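Topology and contacts: notes
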Amino acid sequence: MRAIKIGFLGLMLLAPALARAADRCAWTDPGKKPRLFIDDRVVVFRDYYPPEWAACVIGQGNKDFEIQWIVGADPQAPAAETEKVHLYGGKDDAPRKAEVKLFPNHICEDEGPRRPSGKPVTTGMPGKEYVAQLVAVRVRVVASGALAPLAYTSPPIEVPCRACGSASGSLEVNPDRNEKDLVLEGEADRAWFECASRGATLALLGFGGQSSADVTTAIRPDLTLGGLEKEFSRKGDKYVLHKPLPLARLCAHGAKVWSFETWGRGELMHLGGGGRSIHELRCK
Amino acid sequence: MTSLRAPLVAWLLVVAACASAPADKPAGTARPAPMSASGGPAWAQTGDQAGADGNIFVCRGEGATEEAALAAAHAICNDKVCKLCGVEVESVVQTTETLKGVSMQRKVVERCRRFRKGEPKVRQKSTDCGPQGCVTWLSVAFSKDDEKSECSAYASEHFADPAECQRLIDAFRATKERTAASFRQRTQLLDDAMAACKDIDVRPTPLVDALHEKLYAGMDAFEFTPDRQQARLEEPFFDTTWYHSREEMMRERRAADAYLTTYAPLRQQIRETPTLVDRIKLARDYVYNRALVFDVIEAAVSDNLDSSAGIARLLAALRAAPPGAQYGSLDVHFAGLYSLEKVRADIGGITQFYRQAYSPESLTWEKGIPLANLFAKDHKIDEVEWKYIFDLHKKNHCPVCVLELLETADHGGAKIRDARFFAVLDHDLSKTRRPEDRKRTVAELIPRDPQFTLHIRTLLPKDLQPALDWDFFVRRLDEAEEADDLAMVRQILPLLGATLAATENAGGCNGLADRLGLLSKKAALAGAAPPSVDDQICACLTGPMAKEGTRNLVNKSELYDYALGRRLPCVQSK
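If you're wondering where the values come from, they're calculated on a predicted model, not measured in any experiment.

Bringing the overall build of chain A into the picture now. Of regular secondary structure, chain A possesses five helices and 17 strands. Put simply, chain A has 284 residues, and 30% of those count as buried. The contacts of chain A with a sequence gap of at least 6 include a subset with a gap of at least 24, amounting to 65%.

Written out as C-alpha cells, the structure is:
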C-alpha cells in the first residue's frame, strides 16, 4: 500500500513536469503553407515546420511522421502509398522543408482499383499532345500528440495518365494504283483510334516547290486538308482512310515536288509518324 | 647573445630536490667563464663555509653587463639559501640556437628569490668585465638567526586566512550552472579568495597543489572541456554517432558550449603563473568576462527581447561586454545578431551602437552581413547606414553586404537607390578587367527585386546588359521555385521571357524550343501564362533556321510545332 502511495505521489509530481515539457514544444507558423504540385508527371508534396519545435518534439521521442498518398476520387480511400518522414531539429529561423514524391507508376496503373477512370482531356506540348484521364491524388499527413500541428489533408490535384496506349497504325501519302495520282492512306487499330480521336483534329499539310530542299525546309503549307479525323471509316477491328490527292490539283500550284506531313490537335496526329514524305510529280 | 635569426628558446624545467648541505657544490653556470678561469678573487677561493654562527656562501655569476652578472650571482646565493631551508627549487636549462650551434646555460630560476623574506647580507663583492662579458663574485652571510626565522617561514603553509581561502575555492568549484548570474557568483568568490589567499605562494605543498586543482576543477565544471567534447563526439545515434567529425560537432555546438570551450592558452598561462593569487586572478578575470558574455547571450534569447525593455537590456549588455574575441571564442556582440531579425521593437539604438563601437573597415563579411540585415530591417536605408556598409565593402569585399541594402526598395528615392547601385558597381568594376568577370560582377549585385532588375537593366551600359541573361534569370527562378515563392516565380517569368528577345543567332534559335519548354513548365507550376515569345519563334524559323530541314532538325521541328500550335502567321497557309 505504501509503495502504491509513493508511486502515485511520484506520478502526481511528474505530471506537471511532463505537461511543462509538452508546452515547451511551441509550434510557430513556419511562414509557408504545404504545397502539392505536379512536376513532369511526378506529384510532389512539400511541407514546412519550425526547426525549434522539431528539436523539441524529437527530444520527446517523436522522430518522424507519416505521409499517406490517397489516389482516386474517394478522399476516404485507404492510402495507396505511405512514407515515413524524418524530422530535423535546429535553432535557425528558416523553416525546415519536408518533401516527398509520388511517381506516375504509382498513380497510372493499367488495372486494379487505381486504374484511371476520370474524364478524358487532351494535354501535352504542341506536337506531343495526348489523351489523358485525370486521376485525383491527395496527400494526408498523419500526425498526432506532440506532432499534431503537422496534421493536414490536401485538396486533390489531378494527375494526367495516358489513356490510349501507344499509337497503333499508319497514315501516309502513297502513289495511287494508277501511278499518276497520290493517295492518303491510313489504318489504325480500332481501340486506339476510338480513344485517340477524342477531341482530336487531323490535317494533312502539303508543301510544294521546285526541289526537295524547298519542300523539306518550308514552313508555310501550300495545301491544307483538314477534317481528316472524320473521314476514317470502320472496317472490322480497324479504322481506315483512303483519300485520293488528284495530280491535277497538286500540279495547279506549279510545283514539281511535294512533301506532306500530318498535323492536328490531340493524339491522332501521331499516326503520321512525325516526318515528311517527298514526292516528285509528273505534271504536264 | 647575438643571433641572426629569431632565437629558438626552449625552456626545460628541471626540478631539483635539493636538501644538500651548504658544503655541496652549488648549482652554477654550466658554460665556461667568459673572462678567465682563474677562480676569482682570493676571498672566493675558500668557497662556501658553515660554522656555529651560520653560513657563508660564495657565488659566481655571469652576464653580458655588470648588473646582469650581479643578479646572476645573487640568484645563485638565493638558491643556496633555499636549499639550506629544504625548499624545492627549480633550475632551468635554456638552450639558444645560433648560427654556430646550440648553446646551453643553466640558470637558477628566479622563483627561489620570491621565498626570501630578507635582503641578502653581502660581505664581499667583485666584478670583472671584459670583451666576453662580466663575472661577479659574491660572498653572502646567512646567520643561524636568519636560518631560524626564514627557513621556518618557508616551511610554513600559513597565509592570510588559509581556511577561508580553501572554503572560497571550494565554493567556486561547487558553483553550478552556466548563466551570467552564476559567473558573477564565481567572480565574487574569486575576488574574495584573492584577499584570503593573498600571502600564499606556489610552493608545491599538498595544500597549494590541492587549491590549484580545485581552481581547475571549478573551471571544468562549466566549461566544454576536451573530455566533454570527446563524449559529445561519441554520442550514439542509432548504429552510428550524431556527428561525422569533431569539426562538425564543434561547428554545430550551441552558444553556451561555444563560449565556454576550454581555452588551452589560459590554462597554460595559469600553470605558468608564479603565485596562487595571480592564478586566481586569471580565473577571476575569465569568469567575469564570461558573465558579461552571457549577459549578451541571455538578453538576446530572452522571452521579452521583442520589447523596449528587452532591447534596452540587450543594448546595456552589448555596451558592457568588451569588443572583440576573447578566450578563444568569437566576439559575442555578433553572436546574437540573428535573433534581432524577427524583432518588431525599435532597434535603432542597437544599430547605432554597432556603428559607434566598430569601424566599418574593421569588419569582414561574417559580421557585415548580419549587420546589413539589421540595417535593412526597417525597410529603409539612410545615408549613414549605406555609407557604413559601403565603406565595409570597399575595405573588405562583401557584395552580399551591399546587396542586403540594395534589396531594400526605400533608399529615400528611386534615384538614390540607382546611384548607390552604380556606385558599388563602378567600384567593383574598377577591379575587374575580363568581360566575363565584369558580367559576373553585375549579376552578383542585382537585387532579388524583379521590378528594380527590370528598371536597372535598361540603365546598364550596353556591354553589361547581357549579364542579365537567360541563365541569370533561370537561377533566380529556380531559387524562387525551390523556396515555393510562387509570387516571385510569376514576377521573374516575364523577365526570363524577355531575355529571349535577344535570340537572333543560330545558337540561340537552336536552344529556343528547350527554353520554351522550360518557360511553359515553370509557368504551369506557378499557375501563370507563359510569356509570349511568338516573334522570336518566327524570327528563328524564317531567319537562322530557314535553310534547315523542318522535320530533319529536331530543334527546328519542335519550334515549328510551337508555331503551328500557336497558329503563328509565319506558318499559316500561303
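This brings us to the overall build of chain B. Each helix and strand counted, chain B has 25 helices and nine strands in total. The buried share of chain B, taken over its 574 residues, is 29%. Taking contacts inside chain B between residues at least 6 apart in sequence as the whole, the part at least 24 apart equals 69%.

Here we come to the sheet that holds strand S13 (residues 223-225) of chain A. Residue and element names in this part refer to chain A. Pairing is antiparallel in the open sheet, where four strands are placed in the order S13-S12-S16-S17. Strands with a single pairing partner mark the edges of an open sheet, and in this sheet they are S13 and strand S17 (277-280). The mean inter-strand angle of the sheet, taken between neighbouring strand axes irrespective of direction, is 20°. Taken together, the three bridges between strand S12 (residues 203-209) and S13 define a ladder with antiparallel strand orientation. The residue bridging glycine 206 from the neighbouring strand is leucine 223, located in S13.

Take the sheet that holds strand S6 (residues 121-130) of chain B next. All names here are of chain B. The sheet built from four strands is open, its strands ordered S2-S3-S7-S6 with antiparallel pairing. At either margin of the open sheet sits one strand with a lone partner, and together these are strand S2 (49-50) and S6. Summarising the sheet, strand S3 (residues 54-63) and strand S7 (residues 133-143) pair through 10 bridges and their orientation is antiparallel. From the neighbouring strand, glutamate 62 faces S7, where its bridge partner is valine 135.

Moving on to the interface of chain A and chain B. Of the residues lining the interface, 22 residues belong to chain A; the matching set on chain B comes to 26 residues. Elements with a contribution of two residues or more to the side of chain A that touches chain B: strand S1 (35-39), helix H4 (212-217) and strand S16 (257-263) of chain A. It is S1(A) that provides the largest number of residues to the side of chain A that touches chain B, a total of three residues. Its residues assigned to classes, the side of chain A that touches chain B shows seven nonpolar, six polar and nine charged.

Moving on to the environment of B:Tyr560. Counting through the fold element by element, B:Tyr560 comes out in helix H25 (residues 554-565). Classification of B:Tyr560 by C-beta neighbours within 10 Å gives buried; the count is 27. Considering only alpha carbons, one finds B:Tyr560 and B:Cys570, 10 residues apart in sequence, at a separation of 9.6 Å. Residues contacting B:Tyr560, with those up to four places away along its chain left out, are A:Ile219, B:Leu541, B:Thr550 and B:Val571.

This part covers the packing of helix H6 (residues 206-220) of chain B against helix H11 (residues 276-301) of chain B. All names here are of chain B. Interhelical geometry of H6 versus H11 gives an angle of 5° and a closest axis separation of 11 Å. What the angle tells us is that H6 and H11 run roughly parallel. Along its contact with H6, which presents Val208, Leu211, His212, Leu215 and Met219, the element H11 presents Leu276, Arg279, Ile280 and Ala283. Split into classes, the residues belonging to the contact of H6 with H11 amount to seven nonpolar, one polar and one charged.

Rules behind the numbers
- Residues numbered from 1 in each chain as written.
- Chains lettered and ligands numbered in written order.
- Predicted model: local features only at pLDDT ≥ 70, side-chain atom pairs only at ≥ 80, totals over all residues.
- Helix = DSSP H or I, 4+ residues; strand = E, 2+ residues; numbered from the N terminus.
- Buried ≥ 20, exposed ≤ 12 C-beta atoms within 10 Å, placed from the backbone.
- Contact = placed C-beta atoms within 7 Å.
- Pairing = 2+ DSSP bridges.
- Axes fitted to C-alpha atoms, helices over the stretch in contact; angles between N-to-C directions.
- Nonpolar A, V, L, I, M, F, W, Y, C, P; charged D, E, K, R; others polar.
- Parallel < 35°, antiparallel > 145°, perpendicular 65-115°, else oblique.

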